[in-house]
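Below, each chain spelled out in residue letters.
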Amino acid sequence: MKKVLFLFLLISANTAFSQNYFYLEDVKLKEKVDFTANEGNAVKAIDYLMSTPAEENVDRKACIRFILRYAEGSPITVSLDSYFTTFYKKNLDLLPMYIGLWVKSAISNPDGKPEDHEKYLYTELYKYIKAGNNIKSNDKIKSLITAGDAGTIDDWLKKNVYEKK
């Protein structure tokens, strides 16, 4: 009996502590009010991506799908710079994170300029990549890590992102 009770408690605890983002699949995003009402869900989804390693799991997939649906229909304009298309090479998980971080920045700073959003998202990506999180390194990622470690992300952006536009 003790073993059964222990097993039940173990299963209950595991269920209680696990994240569940399946509900994002059912969130309707049709009208402008839907997007405004779900800003918190968009932020929660990107926060989940930023707090978990880049690997396949059902919660990550649900968050990625929600972020892409949100970005596609929201009034927020996400600018994907040409530099980033080479930056995320071999790391497809970084693309929805870029989009999500831009959306999060635009939600928290609605009067921000594209440069503000880019600074925010590259700074956050630096922190995420620096922490490990299963990101494959390439020359562009190494240069961001070097700049972040030196505290010169502003200069890195001027040289790599803004200069290329």
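Computed from a predicted model, the values in this text were never measured in an experiment.

The rules behind these values
- Residues numbered from 1 in each chain as written.
- Predicted model: local features only at pLDDT ≥ 70, side-chain atom pairs only at ≥ 80, totals over all residues.
- Heavy atoms only, no water.
- Helix = DSSP H or I, 4+ residues; strand = E, 2+ residues; numbered from the N terminus.
- Buried < 20%, exposed > 50% of the residue type's maximum accessible area, 1.4 Å probe, protein only.
- Contact = heavy atoms within 4.5 Å.
- Areas by Shrake-Rupley, 256 points an atom, 1.4 Å probe, with all protein chains shown as cover.
- Axes fitted to C-alpha atoms, helices over the stretch in contact; angles between N-to-C directions.
- Parallel < 35°, antiparallel > 145°, perpendicular 65-115°, else oblique.
- Left-handed = near helix turned anticlockwise from the far one by under 90°.
- pLDDT = per-residue confidence, 0-100.
- Core = buried A, V, L, I, M, F, W, Y, C linked by side-chain atoms within 4.5 Å.
- Expected span 1.5 Å × (residues − 1).

A. Broad picture of the overall build of the chain. Looking only at helices and strands, one finds nine helices and zero strands in the chain. Starting at the N terminus, the α and β elements of the chain follow one another as α-α-α-α-α-α-α-α-α. Residue burial in the chain is summarised as follows: out of 165 residues, 41% are buried. Sequence-distant contacts, at least 24 apart, represent 64% of the contacts inside the chain between residues at least 6 apart. Surface accessibility of the chain: about 10000 Å² in total, with carbon and sulfur atoms responsible for 57%.

B. Here's a closer look at the environment of Leu 29. Here Leu 29 shows up in the loop between α1 (2–17) and α2 (32–37). By relative accessible area, Leu 29 is classed as buried at 16%. On a C-alpha basis, the gap between Leu 29 and Glu 72 in space is 9.8 Å, while along the polypeptide they are 43 residues apart. Non-local contacts of Leu 29, meaning those with residues more than four positions away in its chain, are made with Asp 34, Phe 35, Asn 38, Phe 66, Arg 69 and Tyr 70.

C. Summary view of the packing of helix α7 (residues 114–130) against helix α9 (residues 153–162). At a minimum axis distance of 11 Å, the contact between α7 and α9 shows a crossing angle of 110°. As summarised for this structure, α7 and α9 are arranged roughly perpendicular, according to the angle between their axes. By crossing handedness, the relation of α7 to α9 is classed as right-handed. Along its contact with α7, which presents Glu 115, Glu 118, Lys 119, Tyr 122, Thr 123 and Tyr 126, the element α9 presents Ile 153, Asp 154, Trp 156, Leu 157, Val 161 and Tyr 162.

D. Examining the confidence of the model for the chain more closely. Taken over all residues, the pLDDT of the chain has a mean of 87, while the share at 70 or more is 87%. Residue range residues 2–17 is modelled with pLDDT below 50. Its contacts to residues more than four positions away, or to other chains, number zero contacts.

E. Quick peek at the side chain of Asn 41. Along the chain, Asn 41 falls in helix α3 (residues 39–51). In this structure Asn 41 comes out as buried when scored by relative accessible area, which is 17%. Sequence-distant contacts of Asn 41, defined by excluding residues within four places in its chain, comprise Tyr 23, Leu 24, Val 27 and Phe 66.

F. View of the nonpolar core. Grouped together as the largest cluster of nonpolar side chains are 48 residues, with contacts concentrated most on Tyr 70, Phe 87, Leu 94, Tyr 122, Leu 125 and Trp 156. Of all the secondary-structure elements, those providing two or more residues to this core are α3, α4 (58–73), α5 (82–87), α6 (94–108), α7, α8 (139–150) and α9. When residues in this core are grouped by element, the largest group, nine residues, is from α6. Other than its neighbours up to four places away in sequence, Trp 156 contacts Tyr 83, Phe 87, Tyr 122, Lys 140, Ser 143, Leu 144, Ala 147 and Val 161.

G. Looking closely at α6. Over its 15 residues, α6 runs 21 Å from end to end, which matches the ideal 21 Å to within 8%, given 1.5 Å per residue. Counting buried residues in α6 gives 12 out of 15 residues, a clear majority hidden from the surface. When we look at burial in α6, the residues that qualify are Leu 94, Pro 96, Met 97, Tyr 98, Ile 99, Gly 100, Leu 101, Trp 102, Val 103, Ser 105, Ala 106 and Ile 107. On its buried side, α6 packs onto α3, α4, α5, α7 and α8.

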